[in-house]
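Reading the structure
Spelled out from the first residue to the last, the chains are:
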Protein chains: 2
Amino acid sequence: MPCVYTVKHASALTGIPADTLRMWERRYGVVAPIRSEGGYRLYDDAAIARLTAMHALVGAGWSARRAAEQVASGTTLGPLGDEPEEPAAKSDDLDLLVRLTEDLDAATLTRSLDEVFARTDFETFADEWLMPALLRLGQAWHRGEVSVAGEHFVSAGVHRRLAAALDAVPPHAGAPRVLVGLARGSRHELGVLAFSVALARAGIDVVYVGGDLPPDSWVVAATTQRPAAVVIGVPAAEDVPAVRDTVAALASARPELLVLLGGGHQERVNAGELLGHSLGAAATSLAGRLTADPA
Amino acid sequence: MPCVYTVKHASALTGIPADTLRMWERRYGVVAPIRSEGGYRLYDDAAIARLTAMHALVGAGWSARRAAEQVASGTTLGPLGDEPEEPAAKSDDLDLLVRLTEDLDAATLTRSLDEVFARTDFETFADEWLMPALLRLGQAWHRGEVSVAGEHFVSAGVHRRLAAALDAVPPHAGAPRVLVGLARGSRHELGVLAFSVALARAGIDVVYVGGDLPPDSWVVAATTQRPAAVVIGVPAAEDVPAVRDTVAALASARPELLVLLGGGHQERVNAGELLGHSLGAAATSLAGRLTADPA
DNA sequence: CGAAGCTTGTCCACTCTTTGTCGAAGGTCT
DNA sequence: AGACCTTCGACAAAGAGTGGACAAGCTTCG
């Protein structure tokens, strides 16, 4: 098979205009193709690889000079034949998470999430894209259509994105405090984490305690911290008994404490107050109740 | 490696508008980025760390001037004559995490972590502060000195900080790919997440799959993704059997695959290659091996 | 209490740098 | 001969630098 390519061929392979190809060589020396006797450039596979790498970096927002330095300093010796393809411009792609499980590429994952995330405010993003997309991902996972590793990889990426959003909320001194987390055994944090972000953005001092918190610890935290309310997620049917235990323990220890439930199976607990299934609306409504009535 | 970032990148990484970035430099001299030939600012990792620390302080209610002084006094000043050096008493407070469990204050948690984080480069931070501090936290937890909710709360905060650090590493196109995660049943992600950050900073394309990944899924991922190596954390003694199963499954499916173990109980697995207990050294050494030998 | 003053983030105008693209003049390949 | 390539200069749009201006918030003083 041919191992050398002319400019036109290289341009077609990389998707970079031939003019730009020559300019990158002249200005940054990112490649140095050998020449034919007549002076024509002859690119080999390594050159194509470096050019695709540089193209990807530039597409990710790097300046051409930095990208060239990165490609030149970074070891680009890998025997890679894969080519990062352009993500099609889409407006409402709920299967994006499912697709991202196939090719475990951290850069693409981060970039795709950033794009979706930046399209609108957080509450709309969470209600109209994130939760439906996570539902699709869960369904595909149950059908065995995505690998467990892929699901873990994408979930970890979404977790990172939500965590960054939570840390990015400026703190509200003196705001009512709300404890948010999952009951013992519950480990699907994504929904309750997204709700924490929305609640913090609504002006609440959120104490996010994560998943798998036993009933006793809920009681201890609710007693020592004196939160204005407690939010427990019910992401799965098998979490219902543990949530029921937790709500009962909290009710007996602090009967006046406001205990709210969220998540897909909140109705099956038959205790506590329900937040409903609109994350943004629930967060603003709860924040309104707590700040209006500081009793 | 010492990556440099343009204003746009620095702004994206820190969440601070580019205008404010320049203003903080002009008014308070909190950073002094080197310039390109054309005069463009080039921020390094230390500058990004100082800016995030200052951002956190300002977000916590500090005035910009005080925050800048705090950040400047906490680290060594580079460009100009050395200030009257005050080695603050808080130089290596390993019990900080334990104290933070008492009062579940999200703002204090974030600010404290940012301050410690900004004191040095990530590898030193991880080896000399984070891992020892997590060990102290675990010991205090076993002695019953910290509440479970407090431990969860602080762990979630550290998780967020590490996640942000992982997402902040620029992608290395064409770099060797390494799968990093925990075996089935393992759920203590903090150590393996910190290692992922160090490995990504060393130029590796890290695929972080998180915790609780069954052996079959490890095999599927290692087969379809063809990583150059696989890193499995062994954070607790009870994780040893699951790790052993995973290593055995990987060895039978892909005998030539490089499988490495990290974490406190790596020695007890009696299989795979050991990474040792210096996180930074292990990351750079592994990255060196993989980039030098692309086979 | 109001006015003056300081702080701080944002905006604007203007200049310089970077970068992709184009055209002209001429050489190479089939 | 015609299609393709090379070098070089020029150029416009985007991005980034500088310094000044300004409004909102807070402090201080009369």
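Preceding this section is the structure that the text describes.
For every chain, the first residue of its written sequence is number 1, and the numbers climb from 1 along that sequence. Think of it this way: whatever chain is written first is A, whatever ligand is written first is 1, and the rest follow in order. Whole-chain, interface and lining totals are the exception, using all residues; otherwise, since this is a predicted model, local features are given only for residues with pLDDT of at least 70 and side-chain atom pairs are given and counted only at 80 or more. Just so you know, side-chain values use all the structure's heavy atoms and leave hydrogens and water out.

Near DNA strand D you find 17 residues, and of these Thr6, Arg22 and Arg41 of chain A together with Arg22 and Arg41 of chain B are the closest. The share of sugar and phosphate among atoms of DNA strand D within 4 Å of the protein is 73%. When contributions to the surface near DNA strand D are tallied by element, the ones reaching two or more residues are α1 (7-14) and α2 (18-28) of chain A together with α1 (7-14) and α2 (18-28) of chain B. Looking at the surface near DNA strand D, its residues break down into four nonpolar, three polar and 10 charged. Working definition: residue near molecule or strand if any one of its non-hydrogen atoms lies within 4 Å of it. Every helix listed is a DSSP run of H or I at least four residues long, and every strand listed is a run of E at least two residues long, numbered separately from the N terminus. Only Asp, Glu, Lys and Arg are considered charged in this grouping, and only Ala, Val, Leu, Ile, Met, Phe, Trp, Tyr, Cys and Pro are considered nonpolar; every other residue, Gly among them, is considered polar.

The next point concerns the protein's contact with DNA strand C. Taken together, 25 residues are adjacent to DNA strand C, and Thr20 and Tyr28 of chain A together with Thr20, Trp24 and Tyr28 of chain B come closest. Across the atoms of DNA strand C situated within 4 Å of the protein, the share located in sugar and phosphate is 58%. Definition of a polar contact: a pair of N or O atoms within 3.5 Å, with one able to donate and the other able to accept a hydrogen when the atoms are protein atoms, and with sequence-neighbouring residues admitted only if both atoms are side-chain atoms. At 2.8 Å from a phosphate oxygen of DNA strand C is found a side-chain nitrogen or oxygen belonging to Trp24 of chain B. In the environment of DNA strand C, a base nitrogen lies 2.9 Å from a nitrogen or oxygen atom belonging to the side chain of Arg27 of chain B.

The accessible area lost on association of the parts is a frequent measure of interface size. Between chain B and chain A, the contact holds 49 residues from the first and 46 residues from the second. Of the roughly 3,900 Å² buried between chain B and chain A on both sides combined, carbon and sulfur atoms contribute 62%. Think of a salt bridge as a Lys or Arg side-chain nitrogen and an Asp or Glu carboxyl oxygen that are within 4 Å of each other. The tally of links between chain B and chain A comes to two salt bridges. Linking Arg160 of chain B and Asp167 of chain A is a salt bridge whose minimum nitrogen-to-oxygen distance equals 3.1 Å. The interface formed by chain B and chain A holds 11 residue pairs in polar contact (both at pLDDT 80 or more) in total. Mapped onto the side of chain B that touches chain A, the elements with two or more residues apiece are α6 (106-118), α8 (148-168), β3 (177-183), β4 (205-213) and α10 (215-225) of chain B. Per-element accounting of the side of chain B that touches chain A gives the leading share, 11 residues, to α8 of chain B. In terms of residue class, the side of chain B that touches chain A is made up of 25 nonpolar, 14 polar and 10 charged. Pairs of residues are marked as contacts when any of their non-hydrogen atoms sit within 4.5 Å. Note on definitions: buried area is the accessible-area loss of two parts on being combined, 1.4 Å probe, summed for both.

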